[in-house]
There are 2 protein chains.
Amino acid sequence: MADDNPTISYEDLASIEDDFEEVDTEIMRKQYEISQPAYEKRAQAVAKIPTFWPLVFEQAPPEIDQYIQPADSQIINEHLESIEVNRIELDEDSSSGNPRSIRITFDFKPNEYFSDKSLSKTFWYRRAADGWTGLVSEPVKVHWKKGKDTTEGLNDGAHALFAARKKVGDMAGKGLPEYTALAKKLEHWNGSNTSFFTWFGFVSGRRYVSAEESKQATEHYQRKKSARKDDEQIAETDAKDDDDNDDDDDDDDAEDQDDQVVEVHEAGEDLAVGIAEDIWPNAIKYFTQAQEMGDMSDPEFEEDDEDDEEEGDDEPIDIRRLVQDTGNGRSRASDGPPAKRVKR
Amino acid sequence: MADDNPTISYEDLASIEDDFEEVDTEIMRKQYEISQPAYEKRAQAVAKIPTFWPLVFEQAPPEIDQYIQPADSQIINEHLESIEVNRIELDEDSSSGNPRSIRITFDFKPNEYFSDKSLSKTFWYRRAADGWTGLVSEPVKVHWKKGKDTTEGLNDGAHALFAARKKVGDMAGKGLPEYTALAKKLEHWNGSNTSFFTWFGFVSGRRYVSAEESKQATEHYQRKKSARKDDEQIAETDAKDDDDNDDDDDDDDAEDQDDQVVEVHEAGEDLAVGIAEDIWPNAIKYFTQAQEMGDMSDPEFEEDDEDDEEEGDDEPIDIRRLVQDTGNGRSRASDGPPAKRVKR
C-alpha cells in the first residue's frame, strides 16, 4: 500500500493477513520437509520399544485424553503398536500441496476387539462455498469382533450413512433410513462420552465438503485475494469490489447449521489436530515423562491392574531392559518401571 | 542408528530430540526471514490507525493480561504508539544466529508518566554451565516523572542492583546494599501484583547468565550432541560417554536456587515470549476482535470513562473514519465504535 495513502480499510488488513497465512503455509511445508529424517530415525528407534506409543498416549494432555475412555485405554495399552502422521497433499506435491490435510494411521497387534491390523483416517483440508474452512473425513469402518464394538454401533452407523449418501449423491441427505437410525442413536452421544473409536467415524465439524466444491471455492478465494492485492496497488482509487469480493456470508448457512446433528464425534477435527500437532511431534517428551512418572509412581496412584504385584521398584529406568521384553503383549518386565495408568 | 541394533538408550532418544530441536531452530530462522515483508506492510498500515496497538493489548489473552494493572492499561490506552519485535541474533546473522533471542520495543507518545519516547528490552537466549537454558535480560531504566512511578521503585531498584553487581563483577552478589534494599521491597511483590512496567526490570527466571558463560556452555553442549551422534554411528560398540557427556546435574544448582528472590518480575520470560509469539504475530486478529467487541459493546460493560457520552452507535465500523481522527490522543471519533474496555 502506498505510503501516502491516508486511510486503511478492513480489506487492507485482510490482505496483510492473507500474506501471513501464505507464510504459515510455506513454513508448514518447509517444516514437513526438513523434519522427515528426524521422524524416520525416531520410527526406527521406537519400533524397538514396544511400550513407546501406549506410554505416549497415557501422557496425552487433557484436550486429547478426555476422549479416551477406560475401555479405549485398555485397547491402546495392550494392542497399539505404532502411529504415523502424514501430510498427504505434501507427499503428493511438496511445493504446492496444502500442508493442513493429514492422514493418521494406527497400527495394532492382533487382538480380540477388531480384525483390522491398521486403521488409517484421512482428513482433507477443504473450503466450502460459503468460506468455511476445516478438515473433513470419510468414516473409516472398524471391523469389530462379535460383541466387542466399543462404539455401540456409532462407527458402523456413521459409515453406513456416508455410504448411503454417496449412493444417492446428496451428502446432506436426511430422508435416508440410515440418517434416521444414526440421529436416533446420537440423541445421547457426541464423541465426548463415547469410545475414542467413534472418531474413526468423524465426517466434519459442520458438513461434508467435496473435493469439487473445495476446488471451486478455493479458486474463488484466490481470485478474491488477488483482487485485494490489486486494490492495494491502486489504493488511492476508489476501486469497487467486484461480485467475487463480497460474498462470505450470502450462502446456505441456515441449511448447514442443521447438518451437525449426525456427527458421531463433534470434536473430531480438534482431536485430529491434537494428535498431529502435539502427540506426534512431542512423542519422545511424553514417553520420557511417562518413564519419570513411572519412576515416582506409588501404589495408591495405580488403577486396579492384575500385574501390579511387582511394583515399587524405584530404581532408575533402563530402557534396554524394557526393550528386551518384546513378547506379544505390552512389556511387563517385572523389573521395569510400573507404568502410570492413572488418568489426569 | 543401525537397524539391527537391538537396544535403545535414553542417549539415543536424546540425540533424536537434538535433531528435532535443530529443525525447530532452522524453521524459526526461515519464518523470520520470509515473514519480514508482511510485517513491514503491517507496520505501514497500522501506523495510520492510532488505536491499533492499544486495542490489541486490550484483547491480550489472560496469560498476558493478568500482568497489566489498571494504571498500566491507562498508560497503554492513551500513550502507546507502537510495538516492535526483533530477533536480534538473526538481524546480525540470519543463518546461524539463535532465533530465540528477542528485542521488544514500545514506542510512546509524550506523556505525563515518563520521559522515555521508547522503551526497548532485549532478551538473550542463553545456556548456563549446568545446562539451564532461557532468556536473560538487563534491567531497562524507565525515567519516571515525579510521583508517577507505577512500579513504586522496583524498576529503579532492579536497575541499581544490576549496575552494582556489574561494578563488583559478581552477578549473583548478595552482600550489596542494593541487594538488601531490593529484597526488602520484594517481600510482597513478584510481578503478578505489580505494574506491568516492573517487567522492564526483569533479569532472569533463575539467575543472570553472561554471554561468556553461555558461549562456553553452548560449545560444551555442541560437543555433547556430537558425541551422541557418534555414539549412534557406532551403536553396537559399548562406547562410554566421556566426561563431557554426563554432567547435566553436577553443578551449582543449590546456589542458583537462591538467586530468584530478587527478581522483580518472576514471569518476565513468559511475558516476553507471549508478546513475541502471540501478540506480535496475531495483532491484526486481536485488533479485529476488539472492533467486533466494540460493535457489540453495551454501556454496562464500559469502565468509567470521560469520553463515553457518544457511545451506543452500533453501526458497522468504518476504519476510514477512525483513522481520520489522528489527533494527539487516542482516537475518540464520536461516530466510531465505543472501545471495549472491560477486562476479561
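For the structure, see preceding data.
Description of the structure in this document. (Residues numbered from 1 in each chain as written. Chains lettered and ligands numbered in written order. Predicted model: local features only at pLDDT ≥ 70, side-chain atom pairs only at ≥ 80, totals over all residues. Heavy atoms only, no water.)

Next up on the list: the packing of helix H1 (residues 10-46) of chain A against helix H1 (residues 10-46) of chain B. Closest axis-to-axis distance for the H1 of chain A/H1 of chain B pair is 9 Å, and the angle between their directions is 175°. As summarised for this structure, H1 of chain A and H1 of chain B are arranged roughly antiparallel, according to the angle between their axes. Split into classes, the residues belonging to the contact of H1 of chain A with H1 of chain B amount to 20 nonpolar, 4 polar and 12 charged. (Axes fitted to C-alpha atoms, helices over the stretch in contact; angles between N-to-C directions. Helix = DSSP H or I, 4+ residues; strand = E, 2+ residues; numbered from the N terminus. Parallel < 35°, antiparallel > 145°, perpendicular 65-115°, else oblique. Nonpolar A, V, L, I, M, F, W, Y, C, P; charged D, E, K, R; others polar.)

Empty space among the atoms becomes visible once a probe the size of a water molecule is rolled across them. Residues and elements named next belong to chain A. As a volume, the second largest pocket reaches approximately 670 Å³. Along the walls of the second largest pocket sit 25 residues, with Glu89, Ser96, Gly97, Asn98 and Thr218 positioned nearest its centre. For the lining of the second largest pocket, the secondary structure elements donating two or more residues are H1, helix H5 (88-92), strand S3 (118-127) and helix H8 (211-233). In terms of residue class, the lining of the second largest pocket is made up of 5 nonpolar, 8 polar and 12 charged. (1 Å grid on protein atoms, 1.4 Å probe; cavity = no way out; pocket = protein on both sides within 12 Å on 5 of 7 lines; lining within 4 Å. Points joined across faces, edges and corners; volume = space filled by probe spheres on them.)

Attention shifts here to the sheet that holds strand S1 (residues 80-86) of chain A. Strand pairing within a sheet occurs via backbone hydrogen bonds; the two strands may be parallel or antiparallel. Residue and element names in this part refer to chain A. Here we have 4 strands laid out as an open sheet, ordered S1-S2-S3-S4, and antiparallel in their pairing. Every other strand in the sheet has two partners, leaving S1 and strand S4 (133-136) as the edge strands with one partner each. On average, each strand axis in the sheet is inclined to that of its neighbour by 15°, with strand direction left out of account. Here S1 pairs with strand S2 (residues 102-108) via 6 bridges, running antiparallel. Across the sheet, residue Glu84 finds its bridge partner in S2, namely Thr105. The strands touched by helix H4 (residues 70-79) are S1 and S2; relative to S1, the strand with the most contacts, the crossing angle is about 95°. (Pairing = 2+ DSSP bridges. Contact = heavy atoms within 4.5 Å.)

Two side chains of opposite charge can pair, provided their charged atoms sit close to one another. Going through the model one piece at a time under the given rule, you end up with 26 salt bridges over all chains. For Glu22 of chain B, the salt bridge is made with Lys225 of chain B, and the minimal N-O distance between the two is 3.1 Å. Here Glu22 of chain B is found in helix H1, whereas its partner Lys225 of chain B is found in helix H8 (residues 211-233), with 203 residues between them in sequence. Shared partners join several salt bridges into a network, and the residues in it are Glu11, Asp18 and Arg228 of chain A. (Salt bridge = Lys/Arg side-chain N within 4 Å of Asp/Glu carboxyl O.)

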